[in-house]
Amino acid sequence: SDDHPMDDATASDNCGDLVPLNNAPLSFPLGDTAVTWQVTDLSGNTTSSIQVVTVSDTIMPVFDTTPADKNDFTDSGSCSATNINIGAPTASDNCTLSGDPVSDAPISFPIGVTTVTWTVSDTAGNISIYYQKVRNPELFGVIKWGEDNISDIIESHGAEIAFPTRTIHVENES
């Protein structure tokens, strides 16, 4: 790459200074590239040497966009949440990604906080990781007045419900 130019080679001869020439490309690809250095003196004597230039990708991929932490609720009648759209990040790399970002997100999120790990790698094996939190509170659902099993619903979620008290003042207009 142009960020790291090759140093010039030097050569000497009993008949004067020599100028080494090479067949180096303007830009080096990933991997090994053999560069041949050659010099010829005024008498036509030639010598050469091979230099191997190795270019490695050591730059990690970058997450361009990342999904925000997610708050969702348990499925009705369940202690877990399914079908949560947690989004998906996008990523890029200075060379080539080995694929799209992948996560370890479960199909069913239990009550509490689940940390989802997003991973993306490039073809050189460099890896980047992003963490997303999915919060799943304990109780979800609408409890309708008059439901026969309201106690069962509350107990199955291990929840307590406190109903606010309200004082209503009514004046008689007579």
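Located above this text is the structure these notes cover.
These numbers were taken from a predicted model, which means no experiment stands behind them.

S.K.: Please explain the overall build of the chain as it appears in this structure.
M.R.: Tallying secondary structure elements over the chain gives one helix and 13 strands in all. When the helices and strands of the chain are listed from N to C terminus, the series reads β-β-β-β-β-β-β-β-β-β-β-β-β-α. In the chain, buried positions account for 22% of the 174 residues. Here the contacts in the chain between residues at least 6 apart in sequence split such that 49% fall between residues at least 24 apart.

S.K.: Whenever I open this one, the pairing of strand β13 (residues 127-136) confuses me. Can you help?
M.R.: Regular strands place their side chains on alternate faces of the sheet. Burial along β13 is one-sided: the face carrying Ser128, Tyr130, Gln132, Val134 and Asn136 is buried and the face carrying Ile127, Ile129, Tyr131, Lys133 and Arg135 is not. Bridge count between strand β7 (residues 70-71) and β13: two bridges; the pairing is parallel. Within β13, the position partnered with Asn71 by the bridge is Arg135. Here strand β12 (residues 112-121) runs beside β13; their pairing, made up of 10 bridges, is antiparallel. Paired with Thr117 across the bridge in β13 is Tyr131. Connecting the antiparallel pair β12 and β13 is a turn made up of five residues, with Gly125 showing a positive phi of about 90°.

S.K.: Sorry if this is basic, but what is going on with a nonpolar patch on the surface here?
M.R.: On the surface, a cluster of nonpolar side chains totalling about 310 Å² of accessible area is made up of Ile127, Ile129 and Tyr131. Relative to the helices and strands, Ile129 resides in strand β13. For Ile129, a relative accessible area of 46% puts it in the partly exposed group.

S.K.: How do you make sense of the nonpolar core when you look at a structure like this?
M.R.: Inside soluble globular proteins, nonpolar side chains tend to come together where they are buried. If you look at the biggest cluster of nonpolar residues, it comprises 11 residues: Phe63, Ala81, Ile84, Ile86, Ala91, Phe109, Val116, Trp118, Val120, Tyr130 and Val134. At the level of elements, β12 and β13 are the ones that each hand at least two residues to this core. Among the elements that make up this core, the one with the highest residue count is β12 (three residues). Among all residues touching Val120, those that are not within four sequence positions of it are Pro61, Phe63, Ala91, Leu97, Gly99, Pro101, Asn126, Ile127 and Ser128.

S.K.: Even after reading the chapter, I still don't get the sheet that holds strand β5 (residues 46-55), so can you show me in this structure?
M.R.: Hydrogen bonds along the backbone pair up the strands of a sheet, which may run parallel or antiparallel. In spatial order, the strands read β3-β4-β5; together these three strands make up an open sheet with antiparallel pairing. Of all the strands in the sheet, the pair left with one neighbour each is β3 (21-22) and β5. The pairing of β3 with strand β4 (residues 31-40) spans two bridges and is classified as antiparallel. Paired with Asn22 across the bridge in β4 is Trp37.

S.K.: Where do I start with the sheet that holds β13 in this structure?
M.R.: As summarised here, the arrangement of the four strands in space is β7-β13-β12-β10, forming an open sheet in which the pairing is mixed. In this open sheet, the two edge strands, each paired with only one partner strand, are β7 and β10 (102-103). Note that β10 and β12 share two bridges and pair antiparallel. In the sheet register, Ser103 faces β12, and the bridge partner there is Trp118.

S.K.: Looking at this structure, how should I read the pattern of salt bridges?
M.R.: Pairing between side chains of opposite charge can happen when the charged atoms of each approach one another. Here the structure, examined in full by the defined rule, presents one salt bridge. A salt bridge links Arg135 to Asp69, with the shortest nitrogen-to-oxygen separation between them at 3.9 Å. Remark: Asp69 occurs in the loop between β6 (62-65) and β7 and Arg135 occurs in strand β13; sequence separation between them is 66 residues. When its relative accessible area of 33% is taken as the criterion, Arg135 is described as partly exposed.

S.K.: What exactly am I supposed to notice about the side chain of Ser128 here?
M.R.: Checked against the element boundaries, Ser128 lands in strand β13. A relative accessible area of 8% places Ser128 in the buried class. At 2.5 Å, the side chain of Ser128 forms a polar contact with the backbone oxygen of Pro61. Apart from residues no more than four positions distant in its own chain, Ser128 is found in contact with Met60, Pro61, Phe63, Trp118, Thr119 and Val120.

Rules and cut-offs
- Residues numbered from 1 in each chain as written.
- Predicted model: local features only at pLDDT ≥ 70, side-chain atom pairs only at ≥ 80, totals over all residues.
- Heavy atoms only, no water.
- Helix = DSSP H or I, 4+ residues; strand = E, 2+ residues; numbered from the N terminus.
- Buried < 20%, exposed > 50% of the residue type's maximum accessible area, 1.4 Å probe, protein only.
- Contact = heavy atoms within 4.5 Å.
- Pairing = 2+ DSSP bridges.
- Patch = residues over 30% accessible without salt bridge, like charges linked within 9 Å, V, L, I, M, F, W, Y side chains within 5 Å.
- Areas by Shrake-Rupley, 256 points an atom, 1.4 Å probe, with all protein chains shown as cover.
- Salt bridge = Lys/Arg side-chain N within 4 Å of Asp/Glu carboxyl O.
- Core = buried A, V, L, I, M, F, W, Y, C linked by side-chain atoms within 4.5 Å.
- Polar contact = N/O pair within 3.5 Å; in protein donor to acceptor, adjacent residues only side chain to side chain.

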